[in-house]
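The lines below spell out each chain.
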Amino acid sequence: MTADDTFGRLDDDGYPAYTMGRAAEMLGTTQGFLRAIGEARLITPLRSAGGHRRYSRYQLRIAARARELVDQGTPIEAACRIVALEDQLEEAQRINAEHRRAAQSPNPAAVA
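Fair warning: this is a prediction, and the values are worked out from it, not measured in the lab.

1. What to know about the pattern of salt bridges
And then number 1: In this structure the tally under the stated criterion is eight salt bridges.
And then number 2: Here Arg65 makes a salt bridge to Glu86, at a shortest N to O gap of 2.8 Å. On the criterion of sequence distance, the pair formed by Arg65 in helix H4 (residues 57-71) and Glu86 in helix H5 (residues 76-104) is long-range, its members being 21 residues apart.
And then number 3: You can call Arg65 partly exposed: its relative accessible area is 24%.
And then number 4: Measuring nitrogen to oxygen at the nearest pair gives 2.2 Å for the salt bridge that ties Glu98 to Arg94. Of this pair, Glu98 and Arg94 both sit in helix H5, four residues apart, roughly one helical turn.
And then number 5: Take Arg94: its relative accessible area is 39%, and that puts it in the partly exposed class.
And then number 6: Connected through shared salt-bridge partners, Asp13, Arg57 and Arg61 make up one network.

What follows is the structure in structure tokens.
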């Protein structure tokens, strides 16, 4: 991947653009917190060729929500479970909305 390819992917929510240190700094947390939510399998950072963790913007949003719950006193394991369920619910609602739009379309086969 060239520098031009990387620059073009910065708008991609799934692109692992952030190092662990930068991610922790952006979230105002510790690297240990990021490791803990990784161990709880809330997020699985991608690894660089050298084995370093890299996080996407999507993963940072998930981590920020977990941190919010932990800051409110929720145990980290429970916070991770809550965030995972919230994320699953959001995805299910998105899929349901797509199906409703397709069902209301005059030509359902044309909606993809």
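There is more to say after this.
2. Things to note about unusual backbone geometry
Keep in mind that most residues, glycine aside, have a negative phi and that most peptide bonds are trans.
And then number 1: Phi is positive for Arg41, which is not a glycine, with a value near 65°.
And then number 2: Along the chain, Arg41 turns up in the loop between helix H3 (31-39) and strand E2 (46-47).

3. Focus on the sheet that holds strand E3 (residues 53-55)
Within a beta sheet, neighbouring strands are joined by backbone hydrogen bonds and run either parallel or antiparallel to one another.
And then number 1: Here three strands make up an open sheet; going across it, the order is E1-E3-E2 and the pairing antiparallel. Strands at the two margins of the open sheet, each flanked by one partner only, are strand E1 (18-19) and E2.
And then number 2: Across two bridges, the pairing between E1 and E3 is antiparallel. Bridge pairing in E3 links Tyr18 to Tyr55.
And then number 3: Packed onto the sheet, H4 meets E1 and E3 and runs at close to 85° relative to E3.

Calculation rules
Residues numbered from 1 in each chain as written. Predicted model: local features only at pLDDT ≥ 70, side-chain atom pairs only at ≥ 80, totals over all residues. Heavy atoms only, no water. Salt bridge = Lys/Arg side-chain N within 4 Å of Asp/Glu carboxyl O. Helix = DSSP H or I, 4+ residues; strand = E, 2+ residues; numbered from the N terminus. Buried < 20%, exposed > 50% of the residue type's maximum accessible area, 1.4 Å probe, protein only. Pairing = 2+ DSSP bridges. Contact = heavy atoms within 4.5 Å. Axes fitted to C-alpha atoms, helices over the stretch in contact; angles between N-to-C directions.

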